[in-house]
Amino acid sequence: MDFAQRTIDLAHRNVAEGGRPFATVIVKDGKILAESPNKVAQSGDPTAHAEILAVRDACT
């Protein structure tokens, strides 16, 4: 899988849904552990950056 392209695709989809063009994919041993687009614009939560949301998801 092309993880960079997956990140770009998530960011593009986020823009189409009213968000900003940022996303994060966390990969370990060739597998996606977590991924998230930036949700600051949609949620109004200044901590809802893509990397924060993906790390939170990966930790669960």
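Residues numbered from 1 in each chain as written. Predicted model: local features only at pLDDT ≥ 70, side-chain atom pairs only at ≥ 80, totals over all residues. Heavy atoms only, no water.

Trainee: An account of the pairing of strand β1 (residues 23-28) is requested, with residue identities and associated values reported.
Mentor: Where β1 lies against strand β2 (residues 31-37), 6 bridges are found, and the strand directions are antiparallel. Bridging across to β2, V25 finds its partner in E35. As consecutive antiparallel partners, β1 and β2 are separated by 2 residues, and within that stretch D29 has a phi angle of approximately 55°, a positive value. (Pairing = 2+ DSSP bridges. Helix = DSSP H or I, 4+ residues; strand = E, 2+ residues; numbered from the N terminus.)

Trainee: Tell me about the side chain of T24, residues and numbers included.
Mentor: Tracing the chain through its elements places T24 in strand β1. Those residues in contact with T24 that sit more than four places away from it in its chain are T7, L10, A34, E35, S36, A50, E51 and A54. (Contact = heavy atoms within 4.5 Å.)

Trainee: Tell me about a nonpolar patch on the surface, and please be specific about residues and values.
Mentor: Residues M1, V27 and I32 make up a contiguous nonpolar surface patch of roughly 280 Å² in combined accessible area. Inspection of the secondary structure assignment puts M1 in the segment before α1 (3-16). Given the relative accessible area of 72%, M1 is considered exposed. (Patch = residues over 30% accessible without salt bridge, like charges linked within 9 Å, V, L, I, M, F, W, Y side chains within 5 Å. Areas by Shrake-Rupley, 256 points an atom, 1.4 Å probe, with all protein chains shown as cover. Salt bridge = Lys/Arg side-chain N within 4 Å of Asp/Glu carboxyl O. Buried < 20%, exposed > 50% of the residue type's maximum accessible area, 1.4 Å probe, protein only.)

Trainee: Provide a residue-level description of the pattern of salt bridges, including the pertinent values.
Mentor: Counted under the stated rule, the structure contains 1 salt bridge. E35 is paired through a salt bridge with R6; the nearest N and O atoms lie 2.4 Å apart. Remark: R6 occurs in helix α1 and E35 occurs in strand β2; sequence separation between them is 29 residues. Relative accessible area serves as the criterion here: at 23%, R6 is assigned to the partly exposed category.

Trainee: Quick rundown of the environment of L10? Include the residues and the values.
Mentor: Relative to the helices and strands, L10 is located in helix α1. Exposure remark for L10: the relative accessible area of 4% places this residue in the buried category. Separated by 13 residues in the primary sequence, L10 and A23 have C-alpha atoms spaced 6.0 Å apart. Not counting chain neighbours up to four residues away, the residues in contact with L10 comprise A23, T24, V25, E35, S36 and P37.

Trainee: Give a description of the environment of A50 that names residues and reports values.
Mentor: Structurally, A50 can be placed in helix α3 (residues 50-59). Accessibility expressed as a relative area gives 2% for A50, which makes it buried. Distance from A50 to V25, taken between C-alpha atoms, is 8.7 Å for residues 25 residues apart in sequence. Apart from the residues lying within four places of it in its own chain, the contact partners of A50 are F22, A23, T24, S36, P37 and N38.

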